[in-house]
Amino acid sequence: MFYHASSIEGIQCLEPRISNHGIPLIYFSKKRENTLVYLSNAIEKYCKENNYSYDGIWQKWGSYGFEKDGRLRIEEYYPNALLSTYKGVSGYIYRAEHVNDSGYEVSIPDAITSNSSVLVSDVEFVVDAYEAILQAEKQGLITILHYDDVSENMRKRLYKMLKEEYKSANEHPEYRFFLEKNFPEIDWRLNFQ
């Protein structure tokens, strides 16, 4: 079985869309729990809740990694990130029995992509993504690295990476807005000196 998360109801056939990689693909996981992070986009949710108007394709925020055993690890890079991104968000996890692998390499364990349409075989409605994530953690299917447990060394590497992303985000003002507001400890002006 292959899993794909979406906020859109009633999809019968999944179609390739352009994401951060710039190539029209459909992303699937062989693990249901790995799709939970895609039920909400922190950037889009934050901007909309704060009346930031944007008409382009939303930058995706993927604050996760993987444990050595392959389990998804959600990483909370700013206070209450998990709660503010997922609490109260509902969505759908679509299942497909057959996926034609595009061959496009993604560095995500248990992921597969398709560059052609995929028929949906079943769907699950997720009432609250936050509660579903906590349940998956309780079942040992994923881990969560909470903000207070992020090491100082990891924060320094993250901040350096975010400054580089900020600098190159000329076509994504919504991403810059999100970063400025959620990481006020970073002096964003330093990127332009």
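Structure: above.
All of the points below concern the structure found in this document. Model, not experiment: these values are computed from the prediction.

Thresholds, definitions, all that
One numbering rule holds for all chains: residues counted from 1, following each sequence as written. Where totals are concerned, whole chains, interfaces and linings use all residues; where local detail is concerned, this predicted model gives features only for residues with pLDDT of at least 70, and gives and counts side-chain atom pairs only at 80 or more. Note that water and hydrogens are dropped before the side-chain values are worked out from all heavy atoms of the structure. Under the DSSP-based scheme used, a helix requires at least four consecutive residues in state H or I and a strand at least two consecutive residues in state E, with every element numbered from the N terminus. Each radius of gyration is computed over the set of C-alpha atoms, and the globule rule expresses the reference value as 2.2 Å times the number of residues to the power 0.38. Only four residue types enter the charge count, namely Lys and Arg as positive and Asp and Glu as negative; His and the chain termini do not. Where a charge lies is defined by one atom per residue type, namely NZ (Lys), CZ (Arg), CG (Asp) and CD (Glu). Two aromatic rings, drawn from Phe, Tyr or Trp (for Trp, its six-membered ring), form a pair once their centres lie within 6.5 Å of each other, and the interplanar angle then sorts them: stacked below 30 degrees, edge-to-face above 60, tilted otherwise. Note on classification: 1.4 Å probe, protein chains only; a residue is buried when its accessible area is under 20% of the maximum for its type, exposed when over 50%, partly exposed between these limits. The working definition used for a salt bridge is a side-chain nitrogen of Lys or Arg within 4 Å of a carboxyl oxygen of Asp or Glu. What makes a nonpolar core is a set of buried Ala, Val, Leu, Ile, Met, Phe, Trp, Tyr and Cys residues whose side-chain atoms join them at distances within 4.5 Å. By definition in these notes, contact holds between two residues if any of their heavy atoms fall within 4.5 Å. In this scheme, strands are said to pair when DSSP sees at least two bridges between them. Helix axes are fitted only over the stretch in contact, all axes being lines through C-alpha atoms; the angle between N-to-C directions runs from 0 to 180 degrees. We call two N or O atoms a polar contact when they sit within 3.5 Å, provided that within protein one can donate a hydrogen and the other can accept it, with sequence-adjacent residues counted only if both atoms are side-chain atoms.

**Details of the overall build of the protein chain**
Then step 1. Helix and strand counts for the protein chain come out as five helices and 11 strands.
Then step 2. By the compact-globule yardstick of 16 Å for 193 residues, the protein chain fits well, its C-alpha radius of gyration being 17 Å.
Then step 3. Expressed as lengths along the three principal axes of its C-alpha atoms, the size of the protein chain is roughly 50 × 35 × 30 Å.
Then step 4. Separation of charge centres in the protein chain, based on 22 positive and 29 negative side chains, amounts to 5 Å.

**Quick look at the packing of aromatic side chains**
Then step 1. Taken as a whole, this structure holds 16 aromatic pairs when the rule is applied.
Then step 2. Seen in terms of ring centroids, Tyr46 and Phe177 are 6.0 Å apart; in terms of plane orientation they differ by 45 degrees. Their pairing is tilted. Residue Tyr46 is located in helix H1 (residues 42–49), and its partner Phe177 is located in helix H5 (residues 173–182); the two are separated by 131 residues in the primary sequence.
Then step 3. Of the residues examined, Tyr46 reaches a relative accessible area of 22% and is grouped as partly exposed.
Then step 4. Judged by relative accessible area, Phe177 falls into the buried class, the value being 15%.

**Remarks on the pattern of salt bridges**
Then step 1. One pass over the full model with this rule turns up 11 salt bridges.
Then step 2. Residues Lys48 and Glu44 are paired through a salt bridge, measuring 2.7 Å at the closest nitrogen-oxygen approach. Of this pair, Lys48 and Glu44 both sit in helix H1, four residues apart, which is roughly one turn of that helix.
Then step 3. Among the salt bridges present, the one from Glu67 reaches Arg73, with a minimum N-O distance of 3.7 Å.
Then step 4. Three or more residues joined by partner-sharing salt bridges are found here, namely Arg32, Arg95, Asp122 and Glu124.

**Details of the nonpolar core**
Then step 1. Judged by nonpolar contacts, the single largest core of 24 residues is most densely connected at Trp61, Leu162, Tyr175, Phe178, Leu179 and Phe183.
Then step 2. For this core, the secondary-structure elements that each account for two or more residues are H1, helix H4 (152–167) and H5.
Then step 3. Among the elements that take part in this core, H4 stands out by supplying five residues, more than any other.
Then step 4. In contact with Leu179, other than residues within four places in its own chain, are Trp61, Leu162, Tyr166 and Trp188.
Then step 5. Judged by nonpolar contacts, the second largest core, of 20 residues, contains Leu39, Tyr64, Tyr86 and Ile142.

**Quick notes on the sheet that holds strand E6 (residues 72–75)**
Then step 1. Spatially, three strands are ordered E5-E6-E11 in an open sheet, and the strand pairing comes out mixed. The open sheet terminates on both sides in strands that have one partner only, identified here as strand E5 (64–66) and strand E11 (142–145). Here the strands of the sheet are splayed against their neighbours by 25 degrees on average, with no regard to which way each runs.
Then step 2. Where helix H3 (residues 129–138) meets the sheet, its contacts fall on E6 and E11, and the angle it forms with E11 comes to roughly 110 degrees.

**As for the pairing of E6**
Then step 1. Here E5 runs beside E6; their pairing, made up of three bridges, is antiparallel. Bridge pairing in E6 places Phe66 opposite Leu72.
Then step 2. As defined by bridge partners, E6 adjoins E11 across four bridges and the pair is classed as parallel. Each bridged residue has a counterpart across the sheet, and for Glu75 the counterpart in E11 is Leu145.

**Section: H5**
Then step 1. Judged by how many residues are buried, H5 sits mostly within the fold: seven of 10 residues are covered.
Then step 2. Among the residues of H5, those classed as buried are Glu174, Tyr175, Arg176, Phe177, Phe178, Leu179 and Asn182.
Then step 3. Looking at the buried residues of H5, the elements they touch are H1 and H4.

**Looking at the side chain of Thr113**
Then step 1. With respect to the secondary-structure elements, Thr113 resides in strand E8 (residues 111–114).
Then step 2. Overall, Thr113 belongs to the buried group, its relative accessible area being 1%.
Then step 3. Of note is the side chain of Thr113, whose polar atom sits 2.4 Å from the side chain of Ser102.
Then step 4. Every residue in contact with Thr113, bar those within four places of it in the chain, is listed here: Leu25, Ile26, Tyr27, Asn100, Asp101, Ser102, Tyr104 and Val106.

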